[in-house]
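Commentary on secondary and tertiary structure
What follows is the residue order along each chain.
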Amino acid sequence: MAATQDLAPISRAPRVLPRLLALEAGLTIGELVIVGMPIYLWAAAVGEAPVARRAAVPLAVALWLATACRLWDVLRPVATLLAAKRARLPVSAAEADAGQRALWRAPRESAVLRFVAWLLLPALILAFRRGAVTPLAVAGVLGVTAFHAAAVACVRSLCLDRVLGDFTPEILPNLAGIRVFARGWRARVVEVAVATFGLSHALLASLALAFVEMPPRALAIVSLVLWPALAITAPFWFRSLLRRTRPIADYFDATLGSAGTRGPAREEPRAVVAFVAAQALPYRMAGYQAFILATAGVLAVAVARRVVAPDFEASSAARLVAGLAAVVVAGCLYEVLVLRAMLGPLMRHLGSRHHLPVHDIRAGVGLQAKLVAVFVGASGVTAGFVALYHAAPDAAGAAPAGMLLCGLALVIGLVVLIARALVGPIKVLESRSDEMARGELARPVPPSGEADEIGRLSIAFEGMRRSLRDRLRSTESINVDLEREVRRRTEALERRNQDLREALDKLRRAQDDLVRSEKLASMGRLVAGIAHEINNPINAVINSLGPVAEALHGIAVAPTLTDAVERARGVEEMLRVVERGAGRTKSIVQALHNYSRGDETVERDVNLARSIDDSLDLLRHRLRDVRIEKDVDPTAHILGFPGQIDQVLMNLFTNAAQALGSRGGTIRVTAHFRDGDGEVELSVSDDGPGIPAEILPRIFDPFFTTKDVGEGAGLGLSIVHGIIDRHRGHIDVDSAPGRGTTFRLRFPGPGNLGTVVARGA
Ligand code: ADP
């Protein structure tokens, strides 16, 4: 990953050298036209053209080579750095520092060298001149050369800065972004101003030569008068620049001072002030400069008129002033555009790093007013050039046509630049809105620059992107929180479920224990009654055995057959009593055996009629005074645990018998399949005293009893309830004082017998 990041800028780097060469060629041509040509024309005018020709060409070549070598020399640390970076060698801090200084020094040093070199050319011509030259002509040529050379030097510095700027991210990655801009941004504003001034002068001088009949003396005077005018006004302009750019400098001081920190706060108030200052700066500085140039120009023309009149006619002066107006307007518009482009990185940085309230940064002049001003200005310049062309003196030859073309090119350039400045931000907005439509909200929308209509649109767009992204983020984070919460709760729920399951298991075990112990207790109570119950038939058997033995003996000694038959009949009678007694004992023992069955684990088919009979049999001793009514379907059977069903019946019958007490009464028991749903319904009712309404809701509670100690522990019905639950059945009670009590039980029918047996197995 790091390797590809390093490679990206390096792969771009080779383009820099051709660009440098092309730039150097362009700048040299520009210098020859803007600086060299006036010097040559001047030399021709003062009769020194041969000297100029002889001196200029070798001098220019020598100078060109010298400055190119010097530029290369200055840039040597940059080349070293680049080579090291490409070879992936470590770079020391000192080397990086040297590279940084070279990048900054090279454009300026080259500009100063060329400026000095161009000033040397007229000095050389003057040194080798053949004839006499007036001081005015010397001052004039030096003044004009200084203007023009300064302008192209500034253009050179600005262009070199730009081309070399491509190296900056590669060799100085730490100096990216706004830090690159912050280096010498004020100097660049001054360079733009000087370049505009010098180029305007060059253009005006060309206009004067092409369109205006004007003695060279007048031209020299105009140029010379500009100097003091400039000297007086430049400090004011510079002071204004310092004042107007102070908020920007303050912002840089506050935010770039501490390298490596997280940077300034989003709500930094200095950013708002800096933005407002940066937004107004191009208009103010260009306007101020246009005013100075216009005033100084008019003043210079007036002075020249006064000094060289009548050679310098009023009509010529008027044409010169018209040309001045066109040049000032064009220069002002170009300067605004260049400064706007120059300040663009700062405005974009401020707009993307800080919150800029729209009402605080709203541009004073709207887009419409700006466009109208630009098009009126461009039309004015065109009209000015066309008018000057038509008014040009016939003697001027092809120069006016050339100048007209030059003027038109100037206007077309202006229109193209404005169209680009307008369309650029709209294109960016278009592509970003496409991105946003695809749901890509991470990349900020850079502010287009000034807070005019398009700028505010991009600010609003950025606001929309931010709020959409924040919404999305907060929704995502809410989702994440929710998921986490749901997971936490689910885990807690699972833990609780586990606890509950364990508690339920314990409860089941306790219930089983309870059932078992209650069963033992009730068996204990039963045994007493049953012992008595068995006693009677056994007594009958035992009591019969003696008479049977006697009767058998009597038969043996019977005197007559009739007597023996008589005695045998008596034996038969007694044996029937023995048989009944033994049978009764057997049935009681069987019932007891059924009842005392151990823990059952597998559900079985339970025949309700047999269970009812067994239970009634075991309780017979308690039901002596009770009439039993049975309405039992002999086929009624359910799926379950027979021992537990017996216990249910025992408990219900015991409760009914206890309710009837010694007064006696009727117990009615029914069991049959219900129509329709195949369920089995079993009911036990008595016509005892019934259950009072206030205790009815509590009868199934464990340990609730109304009976005396020894009669009941209050567990009977709660065990019944538990057993019915285990059989997936249902129990309800219908009772009222005086109306008896009915317990109604429902069990799932044996229709699901197969499945449950399988499960139990
Ligand atoms: P116990 O029989 O040991 O008291 P139970 O849980 O079997 O415990 O019965 C709870 C209470 O319900 C009894 O004390 C009694 O008051 C009442 N009860 C139960 N069955 C009947 C009934 N058939 N008639 C009147 N009351 C009854």
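This write-up is about the structure you can find in this document.

Rules of the game
- Residues numbered from 1 in each chain as written.
- Predicted model: local features only at pLDDT ≥ 70, side-chain atom pairs only at ≥ 80, totals over all residues.
- Heavy atoms only, no water.
- Helix = DSSP H or I, 4+ residues; strand = E, 2+ residues; numbered from the N terminus.
- Buried < 20%, exposed > 50% of the residue type's maximum accessible area, 1.4 Å probe, protein only.
- Contact = heavy atoms within 4.5 Å.
- Areas by Shrake-Rupley, 256 points an atom, 1.4 Å probe, with all protein chains shown as cover.
- Lys, Arg positive; Asp, Glu negative; His and termini not counted.
- Charge placed at Lys NZ, Arg CZ, Asp CG, Glu CD.
- Pairing = 2+ DSSP bridges.
- Axes fitted to C-alpha atoms, helices over the stretch in contact; angles between N-to-C directions.
- Expected span 1.5 Å × (residues − 1).
- Patch = residues over 30% accessible without salt bridge, like charges linked within 9 Å, V, L, I, M, F, W, Y side chains within 5 Å.
- Salt bridge = Lys/Arg side-chain N within 4 Å of Asp/Glu carboxyl O.
- Near = heavy atom within 4 Å.
- Nonpolar A, V, L, I, M, F, W, Y, C, P; charged D, E, K, R; others polar.
- Parallel < 35°, antiparallel > 145°, perpendicular 65-115°, else oblique.
- Left-handed = near helix turned anticlockwise from the far one by under 90°.

Let us now look at the overall build of the protein chain. Across its full length, the protein chain holds 21 helices and seven strands. Looking at the 761 residues of the protein chain, the share that counts as buried comes to 42%. When contacts within the protein chain are restricted to residue pairs at least 6 apart in sequence, those whose partners lie at least 24 apart make up 80%. Roughly 39,600 Å² of accessible area belongs to the protein chain as shown, and the carbon and sulfur atoms make up 62% of that amount. Placing the 88 positive and 75 negative side-chain charges of the protein chain at their respective mean positions leaves the two points 16 Å apart.

Spatial ordering of the open sheet is given by E2-E4-E5-E7-E6, a layout of five strands whose pairing is mixed. Because the sheet does not close on itself, it has two edges, and the strands there are strand E2 (626-632) and strand E6 (730-735). Strand after strand, the sheet turns through a mean of 10 degrees between neighbouring axes, direction not considered. Relative to strand E4 (residues 665-673), E2 runs parallel, the two sharing seven bridges. Within E4, the residue paired with Lys630 across the bridge is Val669. Strands E2, E4, strand E5 (680-686) and strand E7 (741-747) of the sheet are contacted by helix H19 (residues 642-660), whose axis makes an angle of about 155 degrees with E4.

Turning next to H19. A rise of 1.5 Å per residue sets the reference length of H19, with its 19 residues, at 27 Å; its end C-alpha atoms lie 27 Å apart and thus fit the reference within 8%. Burial runs high along H19: 17 of the 19 residues are buried. Gly661, located one to two residues past H19, shows a positive phi value of around 65 degrees.

On the surface, a cluster of nonpolar side chains totalling about 650 Å² of accessible area is made up of Ile29, Leu32, Val33, Met37, Tyr40, Leu41 and Leu209. Tracing the chain through its elements places Leu41 in helix H2 (residues 16-45). For Leu41, a relative accessible area of 42% gives the class partly exposed.

Not every one of the 18 residues close to the ligand is listed here, only the nearest: Asn655, Thr705, Thr706, Lys707 and Gly714. Elements with a minimum of two residues in the shell around the ligand: H19, helix H20 (716-726) and E7. Here the shell around the ligand is composed, by residue class, of eight nonpolar, eight polar and two charged.

What follows covers the packing of helix H3 (residues 49-74) against helix H5 (residues 93-127). Running from N to C, H3 and H5 cross one another at 165 degrees; their axes reach a closest spacing of 10 Å. In terms of orientation, H3 and H5 fall into the roughly antiparallel class. Between H3 and H5 the crossing geometry is right-handed. Taking contact as the criterion, the partners of Val51, Ala52, Ala56, Leu59, Leu63, Trp64, Thr67, Arg70, Leu71 and Val74 in H3 are, on H5, Ala102, Arg105, Ala106, Glu109, Ser110, Leu113, Arg114, Ala117, Leu121, Leu124 and Ile125.

A grouping of Arg239, Arg243, Arg246 and Arg284 is seen on the molecular surface, where their side chains present a positively charged patch. It is helix H10 (residues 216-256) that provides the largest number of residues to the positive patch, a total of three residues. Positionally, Arg239 belongs in helix H10. Classification of Arg239 as exposed rests on a relative accessible area of 59%.

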